[in-house]
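Structural overview for review
As a plain string of letters, each chain reads:
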Amino acid sequence: MKLYISRVILGVFLLSTQFIFAQHLSKNQFKVKGNCDMCKERIENTAKKAGAKTAIYSIDLQTLTLETDHSVSTDDILKKVAEAGHDNEKFKSTDATYEALPGCCHYERDLQAKPVENHDHHSKKENEFYVKGNCESCKARIEKAAKDAGAESAEWNAETQTVILNFNSEKTSSDTILKKIAEVGHDNEKYKSNDNTYKNLPACCLYDRNIPFGEANPKVHAEEDNSEHSGHNDHSTTNENHDNHEKQIEGVIVTGTKAATSLNKKEAGLVFNIDKKELLKAACCNLSESFETNATVDVSFSNAVTGTKQLKMLGLDQKYTSLTKELLPEIRGLASAYGLNFIPGRWIESIQLTKGGSTVTNGYESITGQINTELLKNAEKPETSLNLFADFNGRAEANITNVSPINDKWSQTFLLHGNGTFGDTDMNNDGFLDRPKGTQLNTAYLLNYNDLEKSGLGSHFGINFIKDERTSGQIGFDKKIPQDKQSLYGVGIDISRFQVWNKTGYVFKGKPYQSLGWMNQYTYHQQDSFFGLRNYSGKQQTYYSNLIFESILGNTNHKYKAGASFMYDGYDETYLTDNFKRNEIVPGAFAEYTLTGLKYTLVAGARVDFHNLAGTQFTPRLNFKYDFTPQTILRLSAGRGFRTANVFAESQQYFASNRNIQILQNGGNIYGLKPEIAWNYGASLQQEFKLFGRKSTIVADFFRTDFQDQVMVDLDRSPQQLTFYNLDGKSFANSFQTQWDFTPFKNFEVRLAYKYYDVQADYLDGRREVPFMAKHRGFVNLAYSTNKNNNGGFWSFDTTLNLVGKQRLPNTSSNPEEFQLPTYSESYAILNAQFSRNFNKKIRAYVGGENLTSYYQKNAIVDFKNPFGNYFDGGMVYAPIMKANFYVGLDVTF
């Protein structure tokens, strides 16, 4: 009985104690400025370290909710929050501390409060010592060394450049611990590391040894701005998004999301990361429309009859850019003309755009750069999205995507796309459809396995099927009736495409810098088409395999990749009555070395490919980056590339004409032609600075491409002829671009660009400018969004203006006067705009307009009244064919 009473009394005492303690806690809310999840983490951690029991920061409301007991002053907490860089209603951060925040954390400084003291020199606690370092790898190394030297615990802070030690003085001493820390490479206030140990640290850990102890380490902030703080696994490529990270083996990306639109400051090459959020700024129905707000890529209509779009980069056609999906060859061969339509915009998770020479590990075909598309495949919880789109001229599409984890290691993605164009659109009244009618069904399934942290194994599997049918030509043409049985001119294109691929990677245990990746893909592509009385059909089977081993030489300052690849292309084409068959078999080997210093990165690679038809080809490439400061970066590049031209598939925009095709053979093994070989050289300068108190970036770049054996597409010899032959002389493309990104005020982003192209070639009858390439182009993109409300809702407004200078047009002087084109086209401007409403995190609606200036090419088809005559030509397109077009769309996430 006494025991029972004692327990009751004890229970009542404990409950009373908790109640009394709870009564001494108070909850308060304060205005605190911040921008992003990095700000949220910094504010909450600072508040807790300053004594708050709980701290919850709302980015949307710009408020910090504190729960404290009465012994802790909220003023002291808010003062510490200001010292960390965040203005609040009672204290204002110093300018130096604010400026040192990462660029993504630079909020609008409109709160008036008492300034805090400038704590440039950290006020240390007992058993706190200055230790230099940069990143998470430094932190792990420093804390491990301290514990190895007898410390019971050690906590190193990158921002303060200090370590707090907890140790038993009878067993060890601070001197012993600090000496051990110096031995592993980190200078501290008592001991300096020897030079060899310091130099052998990984590149990300090479701190500035000249900064006085107590001063802020600018590299810490520079790395945060570049998100290197997110993890320094030496074998991994970290992204630039501070709240999303990926683990990848070269060519085998298994988890994580890509960075928001930005220039990757870590890469030696000029690499732009485009996030799916950027793609929502415009009507991104497929890959060809994914670059509307990007100044680097030019998108043009290539044909008035088929309506296909083509990309151009560095002043050259799409075929000279390596277009990959999941780092596997994608839009090439028979898919060249229509492949951009085969990757729906809502399937895209991110795009990596490399300008100029890219890595040799991804193949030999890249000449002007590489555009890689990553599909949706990452989600922490199951997510299903529905997208519905329709324009006012009879086009509609639907997308359903589902990304879901199966368990902690497996996840899967279902992707479904369907579109149809049903209306007869003829805005220039020439009797021809301005764009084809037809349907596309596109479906894919992705399966991902990720156990890199434990077993070191990761794998990705994908399968894709496409059926695309389109009809174009004169209004009223009936595809069911043979062309020779009706007088109306028609075009019919039917495409079937199947792909299956796998990427598997392994990270060696105990060696996070060493990995092995293997990629395999099989593609079957079939096209059956006719253009009036001309027929073109083709089949392509491709098998691709790439094995990549990555490791280091001594330390992670010296990395290398080596591997072997294999490519098989089987082609079977028929044009009119002529049949062209060939098999390309290309085994190859490559190696790449990366040297990383404190301020520079050098990537040198080479590959050799044993092409059964093009002979042995040697492909060297070099990229160099030098950081004058974290805000001033110089890049240089040079490299060689080669490819085999698919003259029929790549020139289908000229099939809807009266031009006869002629190939002037010169002893080569591909249509009697030699492979195309080109060298590309480039230099760029990236400069960041503050404007209006916010980050601003200017990038200027120049690239030159020189061809050796280019396959010339000659439209000038005669308006009735299309001639192919190998270059005999010079062919070059000079490209200059300058781009300025800045934010005049909160939530308003401006992107301005100017491009100059000089593209010339020696044709059979002399040197001329390459047609359909404007020398001067201007670009303006404006984007504004409102603050999010409590439900996550906001408005977004985006507009893009493209200014296109005059272009040289093919010579048509031998045609009758009424069918002649001018020597140069007109200059014109295209304005696109969109506004959208996110009602919450689940529902988004958008309305937009394309070509709001309504400029269109009035003579898009030469002699459209007589499509079977000698002068008919539907390939002379230099501008939009359709006037203003409006669209609406809806996104719903379940």
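Below or above, wherever it landed, is the structure these notes cover. Please read all numbers here as calculations on a predicted model, not as lab measurements. (Residues numbered from 1 in each chain as written. Predicted model: local features only at pLDDT ≥ 70, side-chain atom pairs only at ≥ 80, totals over all residues. Heavy atoms only, no water.)

Points about the overall build of the protein
Counting its regular elements, the protein contains nine helices and 45 strands. Taken over C-alpha atoms, the radius of gyration comes to 31 Å for the protein, in line with the 29 Å a tight globule of 894 residues would show. In terms of overall dimensions, the protein has a C-alpha envelope of 110 × 60 × 55 Å along the principal axes. Burial statistics for the protein: of 894 residues in total, 56% are counted as buried. Taking as baseline every contact in the protein between residues at least 6 positions apart, the subset at least 24 positions apart corresponds to 63%. With an accessible surface of roughly 36700 Å², the protein has 55% of that area assigned to carbon and sulfur atoms. Positive and negative side-chain charges in the protein, numbering 99 and 103 respectively, have mean positions lying 3 Å apart. (Helix = DSSP H or I, 4+ residues; strand = E, 2+ residues; numbered from the N terminus. Rg over C-alpha atoms; globule rule 2.2 N^0.38 Å. Buried < 20%, exposed > 50% of the residue type's maximum accessible area, 1.4 Å probe, protein only. Contact = heavy atoms within 4.5 Å. Areas by Shrake-Rupley, 256 points an atom, 1.4 Å probe, with all protein chains shown as cover. Lys, Arg positive; Asp, Glu negative; His and termini not counted. Charge placed at Lys NZ, Arg CZ, Asp CG, Glu CD.)

Digging into helix 2 (residues 37-49)
Here helix 2 spans 18 Å end to end across 13 residues, near enough to the 18 Å set by a 1.5 Å rise per residue. Backbone geometry just after helix 2 places Gly51 at a positive phi near 120°. (Expected span 1.5 Å × (residues − 1).)

Notes on unusual backbone geometry
Even without glycine at this site, Gln62 takes up a positive phi of about 60°. Relative accessible area serves as the criterion here: at 11%, Gln62 is assigned to the buried category. Not every positive phi belongs to a glycine, and Leu327 is a case in point at roughly 65°.

Concerning the pairing of strand 35 (residues 694-707)
For strand 34 (residues 676-691) and strand 35, the ladder comprises 14 bridges, and the chain directions are antiparallel. When the bridges of strand 35 are listed, Asn680 appears paired with Thr705. Counting the residues that bridge the hairpin from strand 34 to strand 35 gives two residues, and of these Phe692 lies at a positive phi of roughly 55°. (Pairing = 2+ DSSP bridges.)

A closer look at the nonpolar core
Residues Phe531, Tyr536 and Val647 are the most contacted members of the largest nonpolar core, which totals 44 residues. For this core, the leading source of residues is strand 25 (residues 490-507), giving three residues. The next biggest cluster of nonpolar side chains, apart from the first, holds 43 residues, and it includes Leu287, Met313, Leu327 and Phe590. (Core = buried A, V, L, I, M, F, W, Y, C linked by side-chain atoms within 4.5 Å.)

As for the packing of helix 2 against helix 3 (residues 74-83)
Where helix 2 meets helix 3, the axes come as close as 9 Å, and the angle between the chain directions of the two elements is 140°. Between helix 2 and helix 3, the angle is such that the two are oblique. Our pair here, helix 2 against helix 3, has a crossing hand that is right-handed. In contact with Ile43, Thr46 and Ala47 of helix 2, helix 3 contributes Ile77, Lys80 and Val81. Of the residues belonging to the contact of helix 2 with helix 3, the class tally is four nonpolar, one polar and one charged. (Axes fitted to C-alpha atoms, helices over the stretch in contact; angles between N-to-C directions. Parallel < 35°, antiparallel > 145°, perpendicular 65-115°, else oblique. Left-handed = near helix turned anticlockwise from the far one by under 90°. Nonpolar A, V, L, I, M, F, W, Y, C, P; charged D, E, K, R; others polar.)

Overview of the sheet that holds strand 33 (residues 660-663)
As summarised here, the arrangement of the three strands in space is 33-37-36, forming an open sheet in which the pairing is mixed. Unpaired on one side and paired on the other, strand 33 and strand 36 (711-714) mark the two borders of the sheet. Across the sheet, the mean angle separating the axes of adjacent strands is 15° when strand polarity is ignored. With four bridges connecting them, strand 36 and strand 37 (residues 721-726) associate as antiparallel partners. Bridging from a neighbouring strand, Met712 pairs with Tyr725 of strand 37.

Brief notes about the pairing of strand 31 (residues 615-629)
Two strands pair when backbone bridges link them, and strand 30 (residues 600-611) and strand 31 are joined in this way by twelve bridges, in the antiparallel orientation. Looking at the pairing, Val608 lines up with Phe618 of strand 31. A loop of three residues connects strand 30 with strand 31, the two strands running antiparallel in sequence. Direction of pairing for strand 31 relative to strand 32 (residues 632-643): antiparallel, over a ladder of eight bridges. The partner of Phe624 across the bridge, within strand 32, is Leu636. Count of turn residues in the strand 31/strand 32 antiparallel hairpin: two residues.

Remarks on the packing of aromatic side chains
This structure, assessed with the given rule, holds 35 aromatic pairs. Judged by centre distance (6.2 Å) and plane angle (45°), the ring pair of Phe392 and Phe886 falls under tilted. You can see Phe392 sitting in the loop between strand 20 (383-391) and strand 21 (395-405) and its partner Phe886 sitting in strand 45 (residues 885-893), a full 494 residues away along the chain. Both rings, one in Phe580 and one in Phe648, keep their centres 4.9 Å apart while their planes meet at 40°; by these two values the pair is tilted. Here the residue Phe580 occupies a position in strand 29 (residues 578-596), and Phe648 occupies one in the loop between strand 32 and strand 33, the gap between them amounting to 68 residues. Phe580 sits in the partly exposed class, given a relative accessible area of 24%. One aromatic cluster is present, built from ring pairs that chain together Phe531, Tyr536, Tyr575, Phe580, Phe648, Phe655 and Tyr671. Sitting over the ring of Tyr571, Arg582 keeps its end group 4.1 Å from the ring centre. Looking at Lys858, its charged tip hangs above the ring of Tyr855, at a distance of 5.9 Å from the centre. (Phe/Tyr/Trp six-rings, centres within 6.5 Å; stacked < 30°, edge-to-face > 60°. Lys NZ or Arg CZ within 6 Å of the ring centre and 35° of its normal.)

What to know about the pattern of salt bridges
A full pass over the atoms with the stated rule returns 53 salt bridges. Overlapping salt bridges, with partners in common, bring together Glu278, Lys281, Asp741, Glu749 and Arg751 in one network. (Salt bridge = Lys/Arg side-chain N within 4 Å of Asp/Glu carboxyl O.)

Topic: the sheet that holds strand 7 (residues 153-157)
Sheet strands line up and pair through hydrogen bonds in the backbone, either parallel or antiparallel. Read across the sheet, three strands follow the order 6-8-7 without closing on themselves; strand pairing throughout is antiparallel. Taken across any chain shown, the strands that pair with only one partner, and hence form the sheet edges, are strand 6 (128-130) and strand 7. Within the sheet, the average angular offset between the axes of one strand and its neighbour, ignoring direction, is 25°. Both strand 7 and strand 8 (residues 162-166) contribute to a ladder of five bridges, which runs antiparallel.

Concerning the environment of Asn448
Along the chain, the position of Asn448 falls in strand 23 (residues 437-451). Its relative accessible area of 2% is what places Asn448 among the buried residues. Separated by twelve residues in sequence, Asn448 and His460 place their C-alpha atoms 4.5 Å apart. Only 2.7 Å separates the side chain of Asn448 from the side chain of His460, close enough to count as a polar contact. (Polar contact = N/O pair within 3.5 Å; in protein donor to acceptor, adjacent residues only side chain to side chain.)

Description of the state of the cysteines
Here, disulfide denotes a covalent bond that connects the sulfur atoms of two cysteines. Scanning the entire structure with this criterion turns up zero disulfides. Left unpaired, Cys39 is separated from the closest cysteine sulfur, that of Cys105, by 3.5 Å. (Disulfide = S-S within 2.5 Å.)

Regarding the side chain of Lys325
Its place among the elements puts Lys325 in strand 16 (residues 321-325). In this structure Lys325 comes out as buried when scored by relative accessible area, which is 4%. Side-chain polar atoms of Lys325 contact the side chain of Gln499, separated by 3.0 Å. For Lys325, the contacting residues outside a window of four places in its chain are Glu330, Ile343, Asn372, Thr373, Leu375, Asn464, Gln499 and Trp501.

Some thoughts on a nonpolar patch on the surface
A contiguous nonpolar surface patch, about 880 Å² in accessible area, is contributed by Phe392, Phe745, Tyr784, Trp795, Phe797, Phe835, Val847, Leu852, Phe886 and Val888. Of all the secondary-structure elements, those providing two or more residues to the nonpolar patch are strand 42 (794-804) and strand 45. Tracing the sequence through the fold places Phe797 in strand 42. On the basis of relative accessibility, which here comes to 37%, the residue Phe797 falls in the partly exposed class. (Patch = residues over 30% accessible without salt bridge, like charges linked within 9 Å, V, L, I, M, F, W, Y side chains within 5 Å.)

So, the environment of Gln540
Tracing the sequence through the fold places Gln540 in strand 27 (residues 534-553). Considering only alpha carbons, one finds Gln540 and Lys674, 134 residues apart in sequence, at a separation of 20 Å. Aside from chain neighbours lying at most four places away, what touches Gln540 is Arg332, Gly333, Leu334, Ala335, Thr523, Tyr524, His525, Asp569, Gly570 and Tyr571. Among the polar contacts made by the side chain of Gln540, one reaches the main-chain amide nitrogen of Leu334 at a distance of 2.8 Å.

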